[in-house]
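Chain by chain, the residues:
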Amino acid sequence: MCGTCGCHADGGTGGGHSHPVNGETITLEQRVLAKNEDVASRNRDWLAGQGIVAVNLMSSPGAGKTTLLERTIGDLAGRRAVSVIEGDQETTLDADRIKRAGCAVVQVNTGAGCHLDAEMMHTALGSLSPAPGSLILVENVGNLVCPAMFDLGERSKVVIISVTEGTDKPLKYPYMFAAADLVIINKIDLLPYVDFDVDRCAEYARSVNPKVRVLTVSATTGEGMDDWYDWVAEQY
Amino acid sequence: MHELSITQSVVDAVCERAAGRPVRVVTVRVGMLTAVVADAMRFCFDLVTAGTVAEGARLEIDQPAGAGHCRACDTEFTLADLILLCPCGSADVDITSGQELQIISMKVG
């Protein structure tokens, strides 16, 4: 008998042992994120039915997601209808920038939340009413950990890293890079001024995700952006 | 802090299934190659269960180690992280364990 609390566990002297619990055991054997995955799957089906491609853009804060979006919206104008779902913890600053770039946008404020989830995506799609065949760019909350775990129902996941960050970021945040379909290395116009090894970064990304594509761009100068547009076109 | 959302998903599923009965133990499986920190999950569990039928329940976390299968040399090996490299040098590796994220069972009554 337990000397501390009188239960029948032979748990030694302390009270820190676990006590046997009587009662009915119910087997669940279900995925923890089943609910999110179900909603994501409904989003995916709906998007596919409309011929819409949704791309989930993820990065750390400051990697240049919004600048890349602004440039993309401008360059694709007249070629493809684009709308944007903006995820940020607070403010509509990014949504305001996107609106100024001439694009339909829905801002989702996650408050304390560190990522978008499928339900938020569902709500955003409802208020966005995107045109059939259009492109939806989802700017996730700036964070290289949490967004990787939550399927939104998107066609593809893109991770953006800038050359002002560390070359070894794919090794430090492997879950995000493992989940990605495409890695964009941004701000390559700054390469002469920083200690960033593009080839090694790409090699690190492939070490956690052997099939991942890697593109190098500068959303500021436009260099490499055509490769990104070609990649987007391949998603249709 | 995605552990909060993940733990909320666990507690929602458990409370729904408990149908009003008090929950004593919840067992989950969280592989070592998921980006989920077990201690953070335990911390969140106490917060999220407060005021529910699972308040005071014990959270048991089974943490399977990472393992991979190399297609080049056809062997199984331990994966300590997501760097998919077999000791033989090949990167043609499938993850066979460590990515589990499941609710296994619960004890009620």
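### Some points on the overall build of chain B
Next, step 1: Summing up its helical and strand segments, chain B has two helices and six strands in all.
Next, step 2: Secondary structure elements in chain B, listed N-terminal to C-terminal, are α-β-α-β-β-β-β-β.
Next, step 3: Over its C-alpha atoms chain B spans a radius of gyration of 17 Å, topping by over 25% the 13 Å that the globule rule assigns to 109 residues.
Next, step 4: Once the C-alpha set of chain B is aligned to its principal axes, its extents read approximately 55 × 25 × 15 Å.

### Description of the interface of chain B and chain A
Next, step 1: Each side of the interface is counted separately: chain B has 31 residues, and chain A has 29 residues.
Next, step 2: Taken together, chain B and chain A are joined by two salt bridges.
Next, step 3: For Arg21(B), the salt bridge goes to Glu24(A), with nearest N and O atoms at 3.0 Å.
Next, step 4: Taken together, chain B and chain A are joined by eleven residue pairs in polar contact (both at pLDDT 80 or more).

### Considering the side chain of Lys65(A)
Residues and elements named next belong to chain A.
Next, step 1: Along the chain, Lys65 turns up in helix 2 (residues 65–76).
Next, step 2: Lacking a salt bridge, the buried Lys65 has Glu139 as its closest oppositely charged neighbour, with an N-O distance of 4.3 Å.
Next, step 3: Ignoring any residue separated from it by four or fewer positions in sequence, one finds Lys65 in contact with Leu57, Met58, Ser59, Ser60, Glu139, Asn140, Gly142 and Ile160.

### Concerning the environment of Gln8(B)
All names here are of chain B.
Next, step 1: Locating Gln8 in the fold gives a position in helix 1 (residues 2–18).
Next, step 2: Judged by relative accessible area, which is 34%, Gln8 ranks as partly exposed.
Next, step 3: For the pair Gln8 and Thr52, spaced 44 residues apart in the sequence, the C-alpha separation amounts to 11 Å.

### Thoughts on unusual backbone geometry
Next, step 1: Even without glycine at this site, Ser129(A) takes up a positive phi of about 45°.
Next, step 2: Examined against the element boundaries, Ser129(A) turns out to sit in the loop between helix 4 (118–128) and strand 5 (135–139).
Next, step 3: Of the residues examined, Ser129(A) reaches a relative accessible area of 56% and is grouped as exposed.
Next, step 4: Positive phi values are uncommon outside glycine, yet Ala19(B) reaches one of about 50°.
Next, step 5: Within the element layout of this structure, Ala19(B) appears in the loop between helix 1 and strand 1 (23–30).

### Topic: a negative patch on the surface
Next, step 1: A grouping of Asp195(A), Asp197(A), Asp199(A) and Glu203(A) is seen on the molecular surface, where their side chains present a negatively charged patch.
Next, step 2: Within the secondary structure, Asp199(A) sits in helix 7 (residues 198–208).

### Here's the deal with helix 4 of chain A
Residues and elements named next belong to chain A.
Next, step 1: All of the buried residues in helix 4 are Ala118, Met121, Ala124, Leu125 and Leu128. Seen end-on, helix 4 carries its buried residues on one side only, within an arc spanning 120°. Opposite the buried face of helix 4, by more than 90 degrees, sit the exposed residues Thr123, Gly126 and Ser127.
Next, step 2: Buried residues along helix 4 sit against helix 1 (34–50), strand 2 (53–59), strand 3 (82–88), strand 4 (104–109) and strand 5.
Next, step 3: Between the side-chain oxygen of the N-cap and the backbone nitrogen of Glu119 there are 3.1 Å, and the N-cap of helix 4 in question is Asp117.
Next, step 4: One or two positions beyond helix 4, positive phi appears at Ser129, with a value near 45°.

### Here we look at the pairing of strand 2 (residues 58–62) of chain B
Residues and elements named next belong to chain B.
Next, step 1: Going residue by residue along strand 2, you find Leu59 and Ile61 tucked away on one face and Arg58, Glu60 and Asp62 left uncovered on the opposite face.
Next, step 2: As defined by bridge partners, strand 1 adjoins strand 2 across five bridges and the pair is classed as parallel. If you follow Thr27 over to strand 2, its bridge partner there is Glu60.
Next, step 3: Traced from strand 1 through helix 2 (residues 38–49) to strand 2, the parallel crossover comes out right-handed.

### What about the nonpolar core?
Next, step 1: With 30 residues, the main nonpolar core has Ile6(B), Val23(B), Val26(B), Val28(B) and Met106(B) as its most contacted residues.
Next, step 2: Considering each element in turn, this core owes the most residues, six residues, to helix 1 of chain B.
Next, step 3: Look past the residues within four positions of Val28(B) in its chain and what remains in contact with it is Val10(B), Met41(B), Leu59(B), Glu60(B), Ile61(B), Asp62(B), Gln102(B), Ile103(B) and Ile104(B).
Next, step 4: Counting 28 residues, the second-largest nonpolar core is a separate cluster that includes Leu57(A), Ile98(A), Val217(A) and Trp228(A).

### Considerations on the confidence of the model for chain A
As a note on interpretation, predicted positions should not be read in detail where pLDDT is low.
Next, step 1: On average, chain A scores 91 in pLDDT, and the residues at 70 or more come to 92%.
Next, step 2: Per-residue pLDDT stays below 50 along residues 11–15 of chain A; that stretch engages in four contacts with residues further than four places along the chain or on separate chains.

### Digging into the side chain of Asn140(A)
Residues and elements named next belong to chain A.
Next, step 1: Positionally, Asn140 belongs in the loop between strand 5 and strand 6 (156–162).
Next, step 2: In terms of polar contacts, Asn140 uses its side chain to reach the backbone amide nitrogen of Leu116, at 3.1 Å.
Next, step 3: Residues in contact with Asn140, not counting those within four places in the same chain, are Asn56, Leu57, Met58, Lys65, Gly87, His115, Leu116, Pro147 and Leu152.

So, how was this worked out
Residues numbered from 1 in each chain as written. Chains lettered and ligands numbered in written order. Predicted model: local features only at pLDDT ≥ 70, side-chain atom pairs only at ≥ 80, totals over all residues. Heavy atoms only, no water. Helix = DSSP H or I, 4+ residues; strand = E, 2+ residues; numbered from the N terminus. Rg over C-alpha atoms; globule rule 2.2 N^0.38 Å. Contact = heavy atoms within 4.5 Å. Salt bridge = Lys/Arg side-chain N within 4 Å of Asp/Glu carboxyl O. Polar contact = N/O pair within 3.5 Å; in protein donor to acceptor, adjacent residues only side chain to side chain. Buried < 20%, exposed > 50% of the residue type's maximum accessible area, 1.4 Å probe, protein only. Lys, Arg positive; Asp, Glu negative; His and termini not counted. Patch = residues over 30% accessible without salt bridge, like charges linked within 9 Å, V, L, I, M, F, W, Y side chains within 5 Å. Areas by Shrake-Rupley, 256 points an atom, 1.4 Å probe, with all protein chains shown as cover. Charge placed at Lys NZ, Arg CZ, Asp CG, Glu CD. Arc of directions from axis to C-beta. Pairing = 2+ DSSP bridges. Right-handed = clockwise from strand over helix to strand, strands pointing away. Core = buried A, V, L, I, M, F, W, Y, C linked by side-chain atoms within 4.5 Å. pLDDT = per-residue confidence, 0-100.

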